[in-house]
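Residues per chain, in single letters:
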Amino acid sequence: MEDILSERAWGFESVRRFVRAGLPWLIKSRYWRGKGATGDSFLNMLTLTEGLLVCTCSSTFIFLIYSCVLRMRKTRLVPGPEGYLCCGNSFQIQADHIHKNLKEYHEIYGKIVRLKIFGTTIISISSLDLLKSAFEYNPSCEIANDRSANSTSGVFYGRKHIGMADLHSITLLLRDFHRSVAPNISETGGNLDFRFRTEIHNLYLELGSKNRSDTNPHDYLRSFHKNLCSILASYRPGVVRGLVDVCLINQQAEISRTGTSWLTDEHIKGLIYDTLAAGMTELLKSLRLFLLLMCHHPEVQARIQKEVDTVIGSQRFPEAGDRVWMPYIEAVLLEVWRYGSQTPLAIPHLCRKDVVLEGYLIEAGTVIFPNLYAVHHDEAVWGDPWNFRPERFLDANGNLLPAEHVFMQNVIPFSVGKRACPGQDFARSRIFITVAALIQRMRIEPPEDSELPSPDPRLYTKNYPMNEPQFQCRFLARGDVFV
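Residues numbered from 1 in each chain as written. Predicted model: local features only at pLDDT ≥ 70, side-chain atom pairs only at ≥ 80, totals over all residues. Heavy atoms only, no water.

Help me out: how do you make sense of the overall build of the chain in this one?
On a plain count of helices and strands, the chain comes out with 18 helices and eight strands. Looking at the 483 residues of the chain, the share that counts as buried comes to 51%. When the accessible area of the chain is evaluated, it comes to approximately 23500 Å², of which 55% is carbon and sulfur surface. (Helix = DSSP H or I, 4+ residues; strand = E, 2+ residues; numbered from the N terminus. Buried < 20%, exposed > 50% of the residue type's maximum accessible area, 1.4 Å probe, protein only. Areas by Shrake-Rupley, 256 points an atom, 1.4 Å probe, with all protein chains shown as cover.)

Help me understand the side chain of Asp-322 in this model?
Considering the arrangement of structural elements, one finds Asp-322 in the loop between helix H13 (298–311) and helix H14 (327–340). We classify Asp-322 as buried; its relative accessible area is 6%. Residue contacts for Asp-322: discarding those within four places in its chain leaves Ile-312, Arg-316 and Phe-432. (Contact = heavy atoms within 4.5 Å.)

Mind showing me how you'd approach the environment of Thr-434 here?
Tracing the backbone shows Thr-434 in helix H18 (residues 424–441). Note: C-alpha distance between Thr-434 and Ile-200 (234 residues apart in sequence) is 6.6 Å. In this view, Thr-434 contacts Phe-196, Ile-200, Phe-224, Leu-283 and Leu-287; residues no more than four positions away in its chain are not counted.

For this particular structure, what's the right way to read the nonpolar core?
Note that soluble globular proteins tend to have their nonpolar side chains buried in a common cluster. Of all hydrophobic cores here, the largest spans 57 residues; its most connected members are Met-294, Ile-304 and Val-332. Elements supplying a minimum of two residues to this core: helix H9 (192–208), helix H10 (218–233), helix H12 (265–296), H13, H14, helix H17 (406–409), H18 and strand S7 (442–445). Looking at which element gives the most residues to this core, the answer is H12, with 10 residues. If we skip the residues at most four places from it in the chain, Met-294 touches Val-300, Gln-301, Ile-304, Val-332, Phe-388 and Ile-444. Counting residues in each nonpolar core, the second largest holds 20 residues, with Leu-128, Ala-134, Ile-368 and Leu-372 among its members. (Core = buried A, V, L, I, M, F, W, Y, C linked by side-chain atoms within 4.5 Å.)

How should helix H5 (residues 98–109) be read in this particular structure?
Given 3.6 residues to a turn, an α-helix orients residues that are three or four positions apart in the same direction. Between the first and last C-alpha of H5 there are 16 Å, a value that for 12 residues agrees with the 16 Å anticipated at 1.5 Å per step. Listed as buried for H5 are His-99, Lys-100, Asn-101, Leu-102, Lys-103, Tyr-105 and His-106. Looking at the packing, one finds that the buried side of H5 touches strand S1 (112–117), strand S2 (120–125) and helix H15 (372–376). One or two residues past the end of H5 sits Gly-110, with phi positive at roughly 115°. (Expected span 1.5 Å × (residues − 1).)

When you look at the packing of aromatic side chains in this model, what are you seeing that I'm missing?
How two aromatic rings sit relative to each other is given by the distance of their centres and the angle of their planes. Per the stated rule, a full pass over the model turns up eight aromatic pairs. Ring plane angle 50° and centroid distance 6.1 Å describe the contact between Tyr-373 and Trp-386, whose orientation is recorded as tilted. With Tyr-373 in helix H15 and Trp-386 in the loop between helix H16 (379–382) and H17, this residue pair connects regions lying 13 residues apart in the sequence. Aromatic pair Phe-393 and Phe-407: ring centres 6.4 Å apart, planes at 70°, arrangement edge-to-face. Within this pair, whereas Phe-393 is found in the loop between H16 and H17, its partner Phe-407 is found in helix H17, the two being separated by 14 residues in sequence. Phe-407 matches Phe-393 in its accessibility class, with the two residues each being buried. Of the aromatic side chains, those joined through ring pairs into one cluster are Trp-382, Phe-393 and Phe-407. Positioned above the aromatic ring of Phe-196, the side-chain terminus of Arg-430 is 5.2 Å from the ring centre. Taking NZ or CZ as reference, Arg-458 lies 4.2 Å from the ring centre of Trp-386, over its face. (Phe/Tyr/Trp six-rings, centres within 6.5 Å; stacked < 30°, edge-to-face > 60°. Lys NZ or Arg CZ within 6 Å of the ring centre and 35° of its normal.)

Explanation requested: H18 in the structure shown.
With 18 residues, H18 ought to run about 26 Å at 1.5 Å a step, and its terminal C-alpha atoms sit 26 Å apart, in line with that. Most of H18 is tucked away: 17 of the 18 residues are buried.

Which parts of the structure should I look at to understand the confidence of the model for the chain?
Mean pLDDT over the chain: 77, with 65% of residues reaching 70 or higher. Confidence, expressed as mean pLDDT per element, reaches its minimum in the chain at helix H2 (residues 30–33) with 43 and its maximum at H14 with 97. Every residue in residues 25–39 scores below 50 in pLDDT, and together they form 12 contacts with partners more than four places removed in sequence or on other chains. Considering only residues more than four positions removed or in separate chains, one finds that residues 186–190, a stretch of pLDDT under 50, has four contacts. (pLDDT = per-residue confidence, 0-100.)

Honestly, the pattern of salt bridges in this entry has me stumped. Any pointers?
Working definition: two side chains of opposite charge can pair if their charged atoms are close together. Going through the model one piece at a time under the given rule, you end up with 15 salt bridges. One salt bridge connects Arg-474 with Glu-448, and the closest N-O pair in it is separated by 3.3 Å. Taken together, the positions of Arg-474 in strand S8 (residues 474–477) and Glu-448 in the loop between S7 and S8 put the pair 26 residues apart, joining distant regions of the chain. A salt bridge links Arg-458 to Asp-456, with the nearest nitrogen and oxygen atoms 2.8 Å apart. (Salt bridge = Lys/Arg side-chain N within 4 Å of Asp/Glu carboxyl O.)

Would you mind going over the packing of H13 against H14 with me for this structure?
When two helices pack together, their arrangement is given by the angle between the helix axes and by the axis-to-axis distance. The interhelical angle for the contact between H13 and H14, taken along N-to-C directions, is 140°, at an axis separation of 9 Å. Contacts between H13 and H14 involve Val-300, Arg-303, Ile-304, Glu-307 and Val-308 from the first element and Pro-327, Tyr-328, Ile-329 and Val-332 from the second. When its residues are assigned to classes, the contact of H13 with H14 shows seven nonpolar, no polar and two charged. (Axes fitted to C-alpha atoms, helices over the stretch in contact; angles between N-to-C directions. Nonpolar A, V, L, I, M, F, W, Y, C, P; charged D, E, K, R; others polar.)

Sorry if this is basic, but what is going on with unusual backbone geometry here?
A negative phi angle characterises most non-glycine residues, just as the trans form characterises most peptide bonds. In this structure, Glu-358 takes a positive phi of about 50° despite not being glycine. Its relative accessible area of 48% is what places Glu-358 among the partly exposed residues. The phi dihedral of Ser-415 is positive, around 70°, even though this residue is not glycine. Looking at where Ser-415 falls in the secondary structure, it is placed in the loop between H17 and H18. Take Ser-415: its relative accessible area is 13%, and that puts it in the buried class.

Here's what the structure looks like:
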């Protein structure tokens, strides 16, 4: 790779040398003198336009030579659709459906596609192997994991958080800190799990109070989401209740020990933003899609209920530790994330330097989009990607497929590599507990007086993250539950 990049640098250096030294020599050569003009007089004869034209043609000639050298070195340019001179592919992309446009281009050009949007080179990757090569393995993972400069530069607490900040030492510390404390908040002496259970119970009471009538669950889920966010983001001195409390305790402990702390107030605010925007939002949208899919697939819901009744029963509340004994719910959630792909494109990465990725030259300044939507609906991997079929994640004995199986590897709702969501384990466990608790207490059925919309993600609205259509359903209590 270093040889290829050195050849590229040689090409541009040759252009500069030619313009500085070669062009004056050419003008003063005997050819021009044979025409009866001295070098100096000829320079005076050239207009500015003619001079620029000569420089342009000469530079183009050298660049063509350089391109040939690159081809001989077997470096490929990333394929993609032809664009217009000034605006590139800007008018070939629908902003409302960019994930669909990119998937169509992937079907034509392959797993990596290049576009030009108003002067910015955009690359979309729809292969798990290529995504890991770019964001997880050296040398590209050290080059292609920053964030592009955009509207986030001056907001989000000065980009002092995980999601939009460049990948530097503080970002890595934040990721490790978040990964270690998020699953263990309840073990610090607080009551997060109790409050979480209380909110789930309140959601059940609100939905159950509709007494079998057609109900739009969206408002109730938004209220549930808001209450969970307030738990995580609230603070009361001397009481450990959520993530803010844990952050401040760690900050004060480090200040007492060393006189300063890398975990500043701005970093804490950014960390809370990441948790609320990523983890809790994933919970909200996963629940919405789950309810709609259960209305369409009563056979799936019946199998979940059987597993809940067998493993948990009606005498206790579901726990995160139940996940290992409930493979079918795990399979259903994997299929919800794969099928819905409600975050179709992960946060874009910025390539800081030229790098070669699987033989393709990725130039400095390129913005790389992980195309999760295309990965999750790749017919070569899934066979029937537009069918909701949780059984694809189970073996013949009803157990989850091993982690190294191609299906398990290709479900990446939280992205991959060094920029994958550090709180995904926490989010996955909260979603599991909420789904298990709701199914333990009630049945979800289609509405009686309104039409149930299709869950097909190809029909989702333009909102980001994508939202399935508004719908109504009915909630029926399952009998005596004593928790």
